[in-house]
Amino acid sequence: MINDPQKPVIEVKHLTCGYGETVVLQDVSLAVRAREVLFVIGGSGCGKSTLLRCLIGLLKPFHGDIAYFGQSFTAADAGQRRNILKTFGVLYQNNALWSSMTLAENISLPLEEHTSLSRGDRAEIVALKLTEVGLAGMEELYPSELSGGMQKRAALARALALDPAIVFFDEPSEGLDPIISREMDQLILQVRENFGTTMIIVSHQLSSIFRLADRVIMLNPETKGIIAEGAPAALAATSTDPRVRDFLNQSNDLPKRPSESSARSSNFIQHENQT
Amino acid sequence: MSQSHRLPKVSTGDKTATAQLQAAAPGGECLVKIGGDWRLNKPVPSWAKVLGKQTAVNVRVVPEELGNWDTSLVLFLVHCRAWCAESKSNFHAETLPANLQTLLGQVSVNGAAKLATQAAAMSAGELASLAATKWALHVKQIVAFLGECTLGFMGEAKNPRRFRWLDSLVEMQQCWASSLPMVSLVSFLVGVILAFQSAVQLQQFGAAIYVADLVGLSVVRELGPMMAAFIVAGGTGARFAAQLGNMKVDEEIDALETLGISSVNFLALPRLLAVTVMLPILALYANVLGILGGMFVSATMLNIPASAYWIETQNRVSLPDVLSGLFKCLFFGLAVGLAGCLRGMKCERSAAGVGTATSSAVVTGIMLIVLADALFAVIYNILRI
């Protein structure tokens, strides 16, 4: 079912979701093609994370349907749901590595759960995955013994454990310095290159968006839906919507520094220069 | 006539904040001149004092040698404006610096006061119904969680090799090791206290030997299991809630769910099993220590030899007595485990949430233990055990 390149790997139809009584996203439709790197962008509170939680099945939508490889996820029974869950990996914002387990145990748990591989085979896959993300030989370390960047890599290794067709990323460069963030981006590209993985990335890191994205969709809290869709460079250059242009051209439109004379009374925290 | 409110100068580089009110003819405009440096951490004029006994007139605020200022000035102006709104006068502040006017514009005329009145407006009836809804929700949660655990357990029973036996063993070990010192101390002292209190009464009738009966029966049937359960609820139950709560906050439970691994089967069941197995063992140990406590008091204060005390205990305390106490412990253990795991897994995603979940786990655990104990008292009475 993964091999048909024409069919969208994920199809979202008229999705409405939210929390309790609050509707966060209204009537959102979206299709993700195979091998695509799709960024979900937008300001804080626009529903990026809510969309992600719906897509990975942590939040039940109010209406609408989400289908993976043509099979409905929303209406799936327990067995079908389990099969669909196997097709994607998730890299969480907080990494969500199981803190009471070593890296090896973290990566081998999905294999234990969904495959009938022997213990030896599992250990080899763990070593392979850790090498792939640049953490070779760290099998026996606990997540708390790693730096933030290394935890992120370990979490990626776990997300890739079952060689999923799709990987979801929730703010992958959150809390990383620019250099490590760039390394993370390279790792993501490399994974796509090697495995042809489809990637859905929730982020507002502009540099990553322009480096990685084939396509972006932009959400907006007022319309509760998608306000723009397309390649990031094209959107930044040609979009007529000021919200889209503002977001994608952030570096150019910072407000000018106030001049010295007006700064004197406008500063709230002021220097002790008055006598 | 001019009224001014000047405050003693504080020795800093700042000028003292001033607000001067110039009263005008009735119906006219009074001028409030603000000057100096307005700082939150320095004394500044208050609107009420500046106003004094002035009655309703239109107010125009103008800056006069106004130096540095911060939120204290904004607050002063907000008070001034609120007073104007209340007394239906006009408030003019056009000559103030533009940024100060912007800040004033951001504060609604009486925005802050509204919240306080809203909070106070809840009546006793509303509070009661809110509390009732909360309790109903708790009960529903516990019942639903018990159901989930039962279903999970049935699933695991079909395929026992998948069960996390090792996790369960580790939890048993933790539960035993962390509870043992407290259980030892508390149950020994409970035995001592019981013997001590009853001896005073029983000695009057020359029936001091019956201390053994009293201590033996009450410890074995009630207090041993109860004390062990309370200590496990405070230690192990709280630990479950904190562990699972933290896992929830860090999205670790989400990570399990998106892998198709049931968090109930993976996290809750091994812990439930551990505490349900360990509690009867701890209670048996507590029974022994309680009886030893009684024996210690009898031997040292009542001059009853330990052998006589032991024989008296053996004669009175039967195996059904011991078993009835231990049987209850299975349910106490289940209650502690359920409360701990449920509160942890329903924890709010914040640091404060973990704290609330932990204390709530202990409270819920103890409450369930006492409820179960009351229920067993009735059942045993009917069955004449």
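Because the structure is predicted, anything quoted here is derived from the model rather than measured.

Concerning the overall build of chain B
Check the secondary structure of chain B and you find 12 helices and 5 strands. Taking 21 Å as the expected radius of gyration for a compact globule of 385 residues, we find that chain B reaches 35 Å, considerably beyond that expectation. In terms of principal-axis extent, the alpha carbons of chain B reach across some 100 × 65 × 45 Å. Looking at chain B as a whole, 38% of its 385 residues are labelled buried.

What about the overall build of chain A?
Helix and strand content of chain A: 10 helices and 10 strands. For chain A, with 275 residues in total, the buried portion stands at 39%. Pairs at least 24 apart in sequence give 64% of the contacts found in chain A among residues at least 6 apart.

Section: the nonpolar core
A:F168, B:M227, B:A228, B:A229, B:V232 and B:L279 are the most contacted members of the largest nonpolar core, which has 147 residues in total. In terms of residue count, helix α7 (residues 211-249) of chain B provides more of this core than any other element does, 19 residues in total. Setting aside anything within four residues of it in sequence, one finds B:L279 in contact with B:A228, B:A229, B:V232, B:C329, B:F332 and B:G333. Counting residues in hydrophobic clusters, the runner-up holds 20 residues, among them B:V32, B:L51, B:L66 and B:L73.

A word on helix α12 (residues 351-383) of chain B
All names here are of chain B. For α12, built from 33 residues, the straight-helix expectation of 48 Å at 1.5 Å per residue is met to within 8% by its first-to-last C-alpha distance of 48 Å. Close packing links the buried residues of α12 with α7 and α11 (319-345). With its phi angle positive at about 55°, R384 sits one or two positions after the end of α12.

Focus: the sheet that holds strand β8 (residues 198-202) of chain A
Residues and elements named next belong to chain A. Taken in spatial order, the 6 strands make up an open sheet running β6-β7-β8-β3-β9-β10, and their pairing is mixed. Strands at the two margins of the open sheet, each flanked by one partner only, are β6 (88-91) and β10 (225-230). Strand-to-strand twist of the sheet, defined as the mean angle between neighbouring strand axes without regard to direction, takes the value 15°. Pairing between strand β3 (residues 37-41) and β8: 4 bridges, direction parallel. Bridging across to β8, F39 finds its partner in I201. Each of β6 and β7 (166-170) is contacted by helix α5 (residues 148-159), which is oriented at about 165° to β6, the strand it contacts most.

Structural notes on the domain arrangement of chain B
Each assigned domain of chain B is listed here: domain 1 (2-118) and domain 2 (133-383). If you average the C-alpha positions of domain 1 of chain B and of domain 2 of chain B, the two centres end up 64 Å apart.

Describing the packing of helix α5 (residues 124-158) of chain B against helix α9 (residues 263-301) of chain B
All names here are of chain B. The N-to-C vectors of α5 and α9 enclose an angle of 95°; their axes lie 10 Å apart at closest approach. Looking at the two axes, α5 sits roughly perpendicular to α9. Between α5, through E148, C149, G152, F153, G155 and E156, and α9, the contact on the second element is made entirely by V264, N265, A268, L269 and L272. Residues belonging to the contact of α5 with α9 are distributed by class as follows: 6 nonpolar, 3 polar and 2 charged.

A few points about the pairing of β8(A)
Burial within β8(A) is extensive, with 5 of its 5 residues counted as buried. In this fold, the crossover linking β7(A) to β8(A) by way of helix α6 (residues 178-195) of chain A has right-handed handedness.

A short note on the sheet that holds strand β5 (residues 71-72) of chain A
Where strands meet in a sheet, backbone hydrogen bonds hold them as pairs that are either parallel or antiparallel. All names here are of chain A. With antiparallel pairing, the 4 strands of this open sheet are ordered in space as β2-β1-β4-β5. Two strands in the sheet have a free side with no partner beyond their single neighbour: β2 (22-32) and β5. Across 2 bridges, the pairing between strand β4 (residues 63-68) and β5 is antiparallel. The residue of β5 that forms the bridge with A67 is S72. Packing against the sheet, helix α1 (residues 48-55) makes contact with β1 (10-19), β2 and β4, and its axis sits at approximately 120° to β1.

Digging into unusual backbone geometry
Residues and elements named next belong to chain A. Unlike most non-glycine residues, D163 shows phi in positive territory, near 45°. Checked against the element boundaries, D163 lands in the loop between α5 and β7. D163 sits in the partly exposed class, given 13 other C-beta atoms within 10 Å. The residue K224 is not glycine, and still its phi comes out positive at about 55°. If you trace the backbone, K224 turns up in the loop between β9 (215-220) and β10. Since 18 C-beta atoms lie within 10 Å of it, K224 is described here as partly exposed.

Description of the confidence of the model for chain B
Here chain B averages 88 in pLDDT, and 91% of its residues register 70 or above. Both scores are given for the predicted complex: the pTM is 0.77, the ipTM 0.83.

A look at the confidence of the model for chain A
Summary statistics for chain A give a mean pLDDT of 86 and a share of 89% for residues scoring 70 or more. Confidence drops under pLDDT 50 across residues 259-275 of chain A; counting only partners more than four residues distant or on other chains, this segment forms 15 contacts.

Parameters and conventions
- Residues numbered from 1 in each chain as written.
- Chains lettered and ligands numbered in written order.
- Predicted model: local features only at pLDDT ≥ 70, side-chain atom pairs only at ≥ 80, totals over all residues.
- Helix = DSSP H or I, 4+ residues; strand = E, 2+ residues; numbered from the N terminus.
- Rg over C-alpha atoms; globule rule 2.2 N^0.38 Å.
- Buried ≥ 20, exposed ≤ 12 C-beta atoms within 10 Å, placed from the backbone.
- Contact = placed C-beta atoms within 7 Å.
- Core = buried A, V, L, I, M, F, W, Y, C linked by C-beta atoms within 7 Å.
- Expected span 1.5 Å × (residues − 1).
- Pairing = 2+ DSSP bridges.
- Axes fitted to C-alpha atoms, helices over the stretch in contact; angles between N-to-C directions.
- Domains from an automatic or database assignment.
- Parallel < 35°, antiparallel > 145°, perpendicular 65-115°, else oblique.
- Nonpolar A, V, L, I, M, F, W, Y, C, P; charged D, E, K, R; others polar.
- Right-handed = clockwise from strand over helix to strand, strands pointing away.
- pLDDT = per-residue confidence, 0-100.

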